[in-house]
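Residue strings, one per chain:
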Amino acid sequence: MDLSHLNPLPEWKDRLAKEDEDEAWKLQAAEAAYTQWREVFGLVMAFAEILPEEEEEGLGTKSMIYQNASVVAPKIISASGDTLYQIKMENAALIRFNCRQLWEQIAFATLKGEADVAYKIPIEEALAKFKKLFRNWVATFKRDDYEDEWGLF
């Protein structure tokens, strides 16, 4: 059953197709990661919807899940264009951070008994696929000559 119409994230739609033809494989890796993230995002949103409402908006597990999940797609798009290596790596690090935080919040929600453990299994599987595609995409990043003034990348 195709439920993609229920996902609020837009499809990729070759929005960055202005790249050099020799570099098209890099965009294909980005598109694959983004498309898989759409699947993760849809599962996470469905998971969050079953969680109890929070007493104070923005301070609970549900809000954290929404926040972490919402960061990833824009960061993939931002790092997929013609931009500096350090910006690409910064976005990749933020994606990894938010995915880890998201997973911790999901695990915490199940630990607290707010959701059945079985509901996190499809998310875990989809997230594992995303990690593989993410690694392939990050491997396309090419270090440039610009120095990161913070010394991280």
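Relevant structure appears above.
**Notes on the packing of helix 2 (residues 61-80) against helix 3 (residues 85-111)**
Item 1. Closest axis-to-axis distance for the helix 2/helix 3 pair is 8 Å, and the angle between their directions is 155°. Between helix 2 and helix 3, the angle is such that the two are roughly antiparallel. At the point where helix 2 passes helix 3, the crossing takes the left-handed sense. In this structure, helix 2 uses Thr61, Met64, Ile65, Asn68, Ala69, Val71, Val72, Lys75, Ile76, Ser78, Ala79 and Ser80 to contact helix 3, whose residues at the interface are Lys88, Asn91, Leu94, Ile95, Asn98, Cys99, Gln101, Leu102, Gln105, Ile106, Phe108 and Ala109.
Item 2. Its residues assigned to classes, the contact of helix 2 with helix 3 shows 14 nonpolar, eight polar and two charged.

**A look at the pattern of salt bridges**
Item 1. Inspection of every chain in the model, using the stated rule, returns two salt bridges.
Item 2. With a closest N to O distance of 2.8 Å, Glu53 and Lys62 form a salt bridge.
Item 3. We classify Glu53 as exposed; its relative accessible area is 67%.

**Considerations on the nonpolar core**
Item 1. In this structure, Trp37, Val44, Ile76, Phe130 and Trp137 are the most contacted members of the largest nonpolar core, which totals 37 residues.
Item 2. Secondary-structure elements contributing two or more residues to this core are helix 1 (24-49), helix 2, helix 3 and helix 4 (120-138).
Item 3. Of all the elements, helix 1 adds the most residues to this core, at twelve residues.
Item 4. Among residues more than four places away in sequence, those in contact with Ile76 are Trp12, Ala30, Ala33, Tyr34, Trp37, Ile95, Phe130 and Trp137.

**A short note on the side chain of Ser80**
Item 1. Secondary-structure assignment places Ser80 in helix 2.
Item 2. Engagement of the side chain of Ser80 in a polar contact is seen with the backbone oxygen of Ile76, the distance being 2.6 Å.

The rules we used
- Residues numbered from 1 in each chain as written.
- Predicted model: local features only at pLDDT ≥ 70, side-chain atom pairs only at ≥ 80, totals over all residues.
- Heavy atoms only, no water.
- Axes fitted to C-alpha atoms, helices over the stretch in contact; angles between N-to-C directions.
- Helix = DSSP H or I, 4+ residues; strand = E, 2+ residues; numbered from the N terminus.
- Parallel < 35°, antiparallel > 145°, perpendicular 65-115°, else oblique.
- Left-handed = near helix turned anticlockwise from the far one by under 90°.
- Contact = heavy atoms within 4.5 Å.
- Nonpolar A, V, L, I, M, F, W, Y, C, P; charged D, E, K, R; others polar.
- Salt bridge = Lys/Arg side-chain N within 4 Å of Asp/Glu carboxyl O.
- Buried < 20%, exposed > 50% of the residue type's maximum accessible area, 1.4 Å probe, protein only.
- Core = buried A, V, L, I, M, F, W, Y, C linked by side-chain atoms within 4.5 Å.
- Polar contact = N/O pair within 3.5 Å; in protein donor to acceptor, adjacent residues only side chain to side chain.

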